[in-house]
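The residues making up each chain are set out below.
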Amino acid sequence: MKKRYWRCFVCNDVHYGIAPPELCPTCKVLHAYVEITAEEARKILGGGPETTMATEDFRASIERFTVGNEFQVNPAADKVSLLLTGIFENEKNHGFKFCPCRLRTKDWEEDLKLICPCNFPIHETYKGVKDGECWCGLFVRRK
Amino acid sequence: MAHLVMFYGRECPHCKKMLPLIDTLEKETPVRFERLEVWHDEKNADLMRSYREAIAPKCGHQLRVPTFLNADTRDAMCGEVEFDKLKDWALQQG
Ligand code: SF4
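Quick caveat, the model's predicted, so the values are computed rather than measured. (Residues numbered from 1 in each chain as written. Chains lettered and ligands numbered in written order. Predicted model: local features only at pLDDT ≥ 70, side-chain atom pairs only at ≥ 80, totals over all residues. Heavy atoms only, no water.)

Secondary structure summary: chain A contains 4 helices and 5 strands in total. Each helix and strand of chain A, ordered N terminal to C terminal, gives the series β-β-β-α-α-β-α-α-β. With the C-alpha coordinates aligned to their principal axes, the bounding extent of chain A is approximately 45 × 30 × 30 Å. Expressed as a percentage of contacts within chain A between residues at least 6 apart in sequence, the contacts between residues at least 24 apart total 42%. Of the roughly 8,700 Å² of accessible surface on chain A, a fraction of 56% belongs to carbon and sulfur atoms. If the 21 positive side-chain charges of chain A are averaged to one point and the 20 negative ones to another, these points end up 2 Å apart. (Helix = DSSP H or I, 4+ residues; strand = E, 2+ residues; numbered from the N terminus. Contact = heavy atoms within 4.5 Å. Areas by Shrake-Rupley, 256 points an atom, 1.4 Å probe, with all protein chains shown as cover. Lys, Arg positive; Asp, Glu negative; His and termini not counted. Charge placed at Lys NZ, Arg CZ, Asp CG, Glu CD.)

Right, here's the structure in full:
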């Protein structure tokens, strides 16, 4: 099923997905989403405040992301710092925070799966593995 | 001697681990690898993509680095492996 764009008619949150959210996560109004075009979605998002994310902000963001999850950022600091360098190099050179340990195929849908963090819990290096890691080792199963 | 290639990423920790093992292997045996970096060199990246059908089935259906490839037979192996496994694979390639 193809993903489409949706806008909350109360607070203008934008959602990209196969169906609109039932409850708006921002304004908590029920059944508030109406379908819009990609162009409208881009305009709404593009008009928002400019945000930038330095490496340390991204590191903090993935730390927050792991809270409540069964995985954590790898305690091996040198590994993490090499990976973060790669992730930011890839964003600068190729437009997205692509995984430094895989390569873009140039197929849009496929390559979206390579944006870090990726859905690594389904990968064979993690799923069902006691000391599972994401393919690169940025995330490891919590001990 | 088979034409062996190692596709690697400059900021990939598994590749960083494997590169010195390749150096050691080349010192110990007549095996030679062409080392091709794929995130900072589009020509190398395109070359790796051209082997997608040979690499992907052996690498989680993706293009992952490090990938070791026999460019003649299109046999491939990927990931961080023990030295002996790397050596066995490389020597088998003939
Ligand atoms: S394998 Fe790890 S480093 Fe690579 S994209 Fe997935 S989470 Fe990020």
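That was the structure; now back to the text.
Given two aromatic rings, one states the distance between the centres and the angle between the planes to describe the pair. Residues and elements named next belong to chain A. Within the structure shown, the criterion is met by 14 aromatic pairs over all chains. Residues F71 and F139 carry aromatic rings whose centres are separated by 5.7 Å and whose planes lie at 70° to one another, so their mutual orientation is edge-to-face. Here F71 is found in strand β4 (residues 71–73), whereas its partner F139 is found in strand β5 (residues 139–141), with 68 residues between them in sequence. With relative accessibility at 1%, the residue F139 sits in the buried group. (Phe/Tyr/Trp six-rings, centres within 6.5 Å; stacked < 30°, edge-to-face > 60°. Buried < 20%, exposed > 50% of the residue type's maximum accessible area, 1.4 Å probe, protein only.)

The interface is formed by 25 residues belonging to chain A together with 23 residues belonging to chain B. Counting the surface lost from both chain A and chain B, the interface buries some 2,100 Å², and carbon and sulfur atoms represent 58% of this. On the chain A side of the contact with chain B, L82, L103 and W135 of chain A bury the most area, a combined 33% of that side's loss. The interface formed by chain A and chain B includes 5 salt bridges. Between E42 of chain B and K106 of chain A there is a salt bridge, with the nearest N and O atoms lying 3.9 Å from each other. There are 14 residue pairs in polar contact (both at pLDDT 80 or more) connecting chain A and chain B. (Buried area = accessible area lost by both parts, 1.4 Å probe. Salt bridge = Lys/Arg side-chain N within 4 Å of Asp/Glu carboxyl O. Polar contact = N/O pair within 3.5 Å; in protein donor to acceptor, adjacent residues only side chain to side chain.)

Bringing the sheet that holds strand β2 (residues 14–17) of chain A into the picture now. All names here are of chain A. Strand order in the open sheet made by the 3 strands is β2-β1-β3, with antiparallel pairing throughout. Only two strands of the sheet have a single neighbouring strand rather than two, namely β2 and β3 (33–36). Neighbour to neighbour, the strand axes of the sheet diverge by 35° on average, direction disregarded. One ladder, built from 4 bridges, connects strand β1 (residues 4–8) with β3; its direction is antiparallel. (Pairing = 2+ DSSP bridges. Axes fitted to C-alpha atoms, helices over the stretch in contact; angles between N-to-C directions.)

With respect to spatial proximity, the complete set of residues near the ligand consists of C99, R102, C116, P117, C118, F120, C134, W135, C136, L138 and F139 of chain A. Considering only residue class, the shell around the ligand consists of 10 nonpolar, no polar and 1 charged. (Near = heavy atom within 4 Å. Nonpolar A, V, L, I, M, F, W, Y, C, P; charged D, E, K, R; others polar.)

Another point: the state of the cysteines. Residues and elements named next belong to chain A. Counted by the stated rule, this structure contains 1 disulfide over all chains. Here C101 is linked by a disulfide to C136, with a sulfur-sulfur distance of 2.3 Å. Taking the sign of the S-S torsion, 130° for the link of C101 and C136, the bridge is right-handed. In this pair, C101 is assigned in the loop between α3 (77–94) and α4 (108–112) and C136 in the loop between α4 and β5, connecting sequence segments 35 residues apart. Across the pair, exposure class does not vary: C101 and C136 are buried alike. (Disulfide = S-S within 2.5 Å.)

Moving on: the nonpolar core. Within the largest apolar cluster, 54 residues are counted, with the highest numbers of intra-cluster contacts made by L138 of chain A together with F7, F33, I55, F68 and L86 of chain B. Once residues within four sequence positions are removed from consideration, I55 of chain B is found in contact with F7, M48, Q62, L63, T67, L69 and A76 of chain B. Residues C8, C24, A32 and Y33 of chain A belong to the second largest nonpolar core, which totals 5 residues. (Core = buried A, V, L, I, M, F, W, Y, C linked by side-chain atoms within 4.5 Å.)

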